[in-house]
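Read off the chains here:
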Amino acid sequence: MDEKQVHFGIMGCANIARKMCRAIALSPSSTLHAIGSRSFDKASRFAVENGFSGKIYGTYEALLDDPDVDVVYMPLPTTLHVQWAVLAAKKRKHVLLEKPAALNLSALDEILDACESNGVLFMDATMWMHHPRTDEMRALLSDVHRFGQLKTIHCCFTYEADRDFLHNNIRVKPDLDALGALGDIGWYCIQAILWAADYELPETVTAWREPEFNEAGVILSCGSCLCWRDGKIATFYCSFLTNLTMDLSVLGTKGNLHIYDFAVPFQENSATYYSGSQFRLPMLSEHTVANDLPQEALMVREFANLVGEIERKGLKPEKKWASISRKTQQVMDAVKASTERGCQPVEVVTS
């Protein structure tokens, strides 16, 4: 490994990979070393369109066999995650995996076990978690004097997909991304709720009635209620059929937090949140947090720095991110189970 640069390989040419090409280039601790696709022609076109002049591979296997690739970023359909993430881990490649991480907890555990047994780092590519706004908001929620005790969380992530998306996108295909809107944007909502609850798992999950499906049985729109033993409650709604919304509200006994762009900030180099207090003036305050890099580049930088620590100092991989992904998957599985059981409450088993 280069003393300062972690070498990334991108496996797959999905649209999100275009953003990641730029993110890897912007991060001072990483470089894009190779691109792999199912065909050389597709990988070559992607490389030209994104100004990449490095190594190009026409198979995923060839990318994983490149000894100079340290990290593999995988924007693949969810059904392919276990196969390729496990193989990447066995070949000692660190894994940055697009969300949803897996179709179910059993599949995710297979990936995480492979990463742990081979000493490689795992992280899901939920970008907003790496923005400095997120750390500043965490400090607010942890302040018993400003925020108090957490009482309730409400989250919505929706966008109105066009006709072509609803018929042809991989997110609506049961053989590619069978979780649909729940996996694509519900993942963000669930992880945001868990983040606000300091990753304490809820006791039960109850899906909302009347989820919307396409003809193939893939979820296009759904919601759920999460309940904790101590009385905390959270709700979320995700949909491909509703105008763009990325709202997160967190309410405590002494203060509250509101965000209107929690997943993707409206501005690339700054992000805003609002905090309120019943007994302070102004009752609602606006806070803007500047960032030196776009949040996707901040994610790449953090991942690359952790990989550098592992490779150069022999440290064990950080387990924090794997734990967050696993808890998100546990709740997602419970939402899906509740939906399938006629929206009956489903216990979230801690394991």
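Residues numbered from 1 in each chain as written. Predicted model: local features only at pLDDT ≥ 70, side-chain atom pairs only at ≥ 80, totals over all residues. Heavy atoms only, no water.

- An unreviewed UniProt entry lists the protein chain under the name Gfo/Idh/MocA-like oxidoreductase N-terminal domain-containing protein, from Rhododendron griersonianum.
- Recorded under Sequence similarities (unreviewed entry), the UniProt text for the protein chain is reproduced unchanged: "Belongs to the Gfo/Idh/MocA family." (UniProt positions renumbered as here; feature names shortened; annotations may be inferred.)

**Quick notes on the pattern of salt bridges**
Any two side chains of opposite charge can pair, so long as their charged atoms come close to each other.
Now for step 1: Inspection of every chain in the model, using the stated rule, returns 16 salt bridges.
Now for step 2: Where salt bridges share partners, they join Lys-99, Arg-171 and Asp-184 into one cluster. (Salt bridge = Lys/Arg side-chain N within 4 Å of Asp/Glu carboxyl O.)

**As for the side chain of Thr-158**
Now for step 1: Assignment of secondary structure puts Thr-158 in strand E7 (residues 150-160).
Now for step 2: Within the local environment of Thr-158, its side chain forms a polar contact with the backbone oxygen of Asn-243, the two atoms lying 2.6 Å apart. (Helix = DSSP H or I, 4+ residues; strand = E, 2+ residues; numbered from the N terminus. Polar contact = N/O pair within 3.5 Å; in protein donor to acceptor, adjacent residues only side chain to side chain.)

**Digging into the nonpolar core**
Now for step 1: Residues Phe-8, Phe-122, Trp-195, Phe-236 and Phe-262 are the most contacted members of the largest nonpolar core, which totals 117 residues.
Now for step 2: Take this core: its biggest share by element is 12 residues, from helix H8 (residues 180-196).
Now for step 3: The contacts of Phe-262, once residues within four sequence positions are left out, are Trp-128, Arg-133, Cys-155, Cys-156, Phe-157, Tyr-188, Cys-189, Ala-192, Met-246, Asp-247 and Leu-248. (Core = buried A, V, L, I, M, F, W, Y, C linked by side-chain atoms within 4.5 Å. Buried < 20%, exposed > 50% of the residue type's maximum accessible area, 1.4 Å probe, protein only. Contact = heavy atoms within 4.5 Å.)

**Side note on the packing of helix H4 (residues 81-90) against helix H5 (residues 105-117)**
Now for step 1: Viewed as axis vectors pointing N to C, H4 and H5 meet at an angle of 10°, and their least axial separation amounts to 8 Å. In terms of orientation, H4 lies roughly parallel with respect to H5. Contacts between H4 and H5 involve His-81, Val-82, Ala-85, Val-86 and Ala-89 from the first element and Ala-107, Glu-110, Ile-111, Ala-114 and Cys-115 from the second.
Now for step 2: By residue class, the composition of the contact of H4 with H5 is 8 nonpolar, 1 polar and 1 charged. (Axes fitted to C-alpha atoms, helices over the stretch in contact; angles between N-to-C directions. Parallel < 35°, antiparallel > 145°, perpendicular 65-115°, else oblique. Nonpolar A, V, L, I, M, F, W, Y, C, P; charged D, E, K, R; others polar.)

**Description of unusual backbone geometry**
As a rule of thumb, non-glycine residues mostly have phi less than zero, and peptide bonds are mostly trans rather than cis.
Now for step 1: Put simply, Lys-99 and Pro-100 share a cis peptide bond, and its omega is -5°.
Now for step 2: Take Pro-100: it is sitting in the loop between strand E5 (94-97) and H5.
Now for step 3: Non-glycine residue Arg-92 carries a positive phi angle of around 65°.
Now for step 4: Take Arg-92: it is sitting in the loop between H4 and E5.
Now for step 5: The residue Tyr-199 is not glycine, and still its phi comes out positive at about 65°.

**Let's talk about H5**
Side chains three or four residues apart in an α-helix point the same way, a direct result of the helix having 3.6 residues per turn.
Now for step 1: Compared with the 18 Å implied by 1.5 Å per residue over 13 residues, the 18 Å span of H5 between its first and last C-alpha is a close match.
Now for step 2: Within H5 the residues assigned to the buried category are Leu-105, Ala-107, Leu-108, Ile-111, Leu-112, Ala-114 and Cys-115.
Now for step 3: The secondary structure elements touched by the buried residues of H5 are H4, E5, strand E6 (122-124) and helix H10 (320-340).
Now for step 4: Two or three places before Ser-106, at the start of H5, stands the capping residue Asn-104, its side-chain oxygen 3.3 Å from that residue's backbone nitrogen. (Expected span 1.5 Å × (residues − 1).)

**Focus on the UniProt feature "domain: Gfo/Idh/MocA-like oxidoreductase N-terminal" (unreviewed entry) in the protein chain**
Now for step 1: The UniProt entry lists residues 7-123 under the feature "domain: Gfo/Idh/MocA-like oxidoreductase N-terminal" (unreviewed entry), expressed in the numbering used here.
Now for step 2: Secondary structure content for residues 7-123 is 43% helix and 21% strand, and the end C-alpha separation is 16 Å.

**Looking at the side chain of Lys-93**
Now for step 1: Mapped onto the secondary structure, Lys-93 falls in the loop between H4 and E5.
Now for step 2: Asp-66 provides the closest opposite charge to the buried, salt-bridge-free Lys-93, at an N-O distance of 5.9 Å.
Now for step 3: At 2.7 Å, the side chain of Lys-93 forms a polar contact with the backbone oxygen of Asp-66.
Now for step 4: Here the side chain of Lys-93 touches Val-69 through a polar contact of 2.9 Å, landing on its backbone oxygen. (Lys, Arg positive; Asp, Glu negative; His and termini not counted.)

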